[in-house]
Amino acid sequence: GAGVSQSPSNKVTEKGKDVELRCDPISGHTALYWYRQSLGQGLEFLIYFQGNSAPDKSGLPSDRFSAERTGGSVSTLTIQRTQQEDSAVYLCASTDSLGSYNEQFFGPGTRLTVL
Amino acid sequence: AQTVTQSQPEMSVQEAETVTLSCTYDTSENNYYLFWYKQPPSRQMILVIRQEAYKQQNATENRFSVNFQKAAKSFSLKISDSQLGDTAMYFCAFMKMPGNTPLVFGKGTRLSVIA
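Here goes a summary of the coordinates provided. The structure displayed is predicted, hence computed values, not measured ones. Numbers given for residues are sequential positions, taken from 1 along each chain in its written order. For naming, the first written chain is A and the first written ligand is 1, with later ones following in the order written. Given that this is a predicted model, residues contribute local features only at a pLDDT of at least 70 and side-chain atom pairs are listed and counted only at 80 or more, while totals for whole chains, interfaces and linings are drawn from all residues. To get the side-chain values, all heavy atoms of the structure are used, and hydrogens and water are removed first.

1. Looking at the overall build of chain B
- Put simply, DSSP marks the helices as runs of H or I at least four residues long and the strands as runs of E at least two long, and each gets a number from the N terminus on. Secondary structure assignment for chain B yields zero helices and twelve strands.
- Starting at the N terminus and walking to the C terminus, you meet the elements of chain B as β-β-β-β-β-β-β-β-β-β-β-β.
- In terms of overall size, chain B behaves like a compact globule, its C-alpha atoms giving a radius of gyration of 14 Å where 115 residues would be expected to give roughly 13 Å.
- A principal-axis box enclosing the C-alpha atoms of chain B has dimensions of 40 × 25 × 20 Å. Throughout, radius of gyration means the C-alpha value; the globule benchmark is 2.2 Å times the number of residues raised to the power 0.38.

Below, the structure written as structure tokens:
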């Protein structure tokens, strides 16, 4: 596609429910990142996928958070038993890995509100 | 671990004037990348400018330039001839070398350009 897309754009859920957030990276990009942007905060790294390698999960805040990337393309971030502190904008970025540095292209994010 | 600090939560500037946004960082790495990202109300993160730490020359992109002081671990962004479209959140970010690793962001500076 022309850019990174994310869905839904906004999600409102009740505390305790599970949610799934989707990211469609730019076609051909091998690396995919998830970040969380809480109110008044910068972006916080959550998880990173690079090709077929095991993902770097070092940023996931708890075991309620998980992510997968099927077929090396689309990624889904799942938050189980949502809490109010999970309310944030979740941003996805993708990049190719052809050189020593490649720009991360961001999607428009999903705003999650947990009531 | 790396940290990025932006000490100015909010700034304003008159249209056509010049404004400087501050950023300091902490790292034990010798080689790395530094970035300024712009996030307008659409939430789309847009790369403004990039600096490689091994380069002494400050990066410039049209009206945007940086003052990179490696010893002081300072990386400020200067916006010349400010335009209304520059109104946005600006984030300073750090990436270890080699690239293609997660970005570490500051908390951002909200810039308002006033007509």
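2. Some details on the sheet that holds strand β7 (residues 75-79) of chain A
Residue and element names in this part refer to chain A.
- We call two strands paired when DSSP finds no fewer than two bridges between them. An order of β1-β3-β7-β6 is seen for the four strands of this open sheet, with the pairing classed as antiparallel. Across the chains shown, the open sheet's two edge strands, defined by having one partner strand only, are β1 (5-7) and β6 (65-69). Here the average twist between neighbouring strands, direction ignored, is 15°.
- Across three bridges, β1 lies against strand β3 (residues 19-24) in antiparallel orientation. Each residue of the ladder has a partner; that of S7, found in β3, is R22. To obtain an axis, a line is fitted to C-alpha atoms, over the contacting stretch when the element is a helix, and the angle between two such axes runs from 0 to 180 degrees between their N-to-C directions.

3. Thoughts on the state of the cysteines
- Disulfides are defined as cysteine sulfur pairs within 2.5 Å. Tallying each qualifying case throughout the model produces two disulfides over all chains.
- The partner cysteine of C23(A) in its disulfide is C92(A), sulfur to sulfur 1.8 Å. Because the torsion about its S-S bond is -60°, the bridge between C23(A) and C92(A) counts as left-handed. Taken as a pair, C23(A) in strand β3 and C92(A) in strand β8 (residues 88-95) lie far apart in primary sequence, 69 residues in all.
- Relative accessibility decides the category of a residue: with a 1.4 Å probe and only protein chains considered, values under 20% of the type maximum give buried, values over 50% give exposed, and everything between is partly exposed. Taking the relative accessible area as the measure of exposure, C92(A) reaches 0% and is therefore buried.
- Covalent S-S linkage joins C23(B) and C92(B), the inter-sulfur distance amounting to 2.0 Å.

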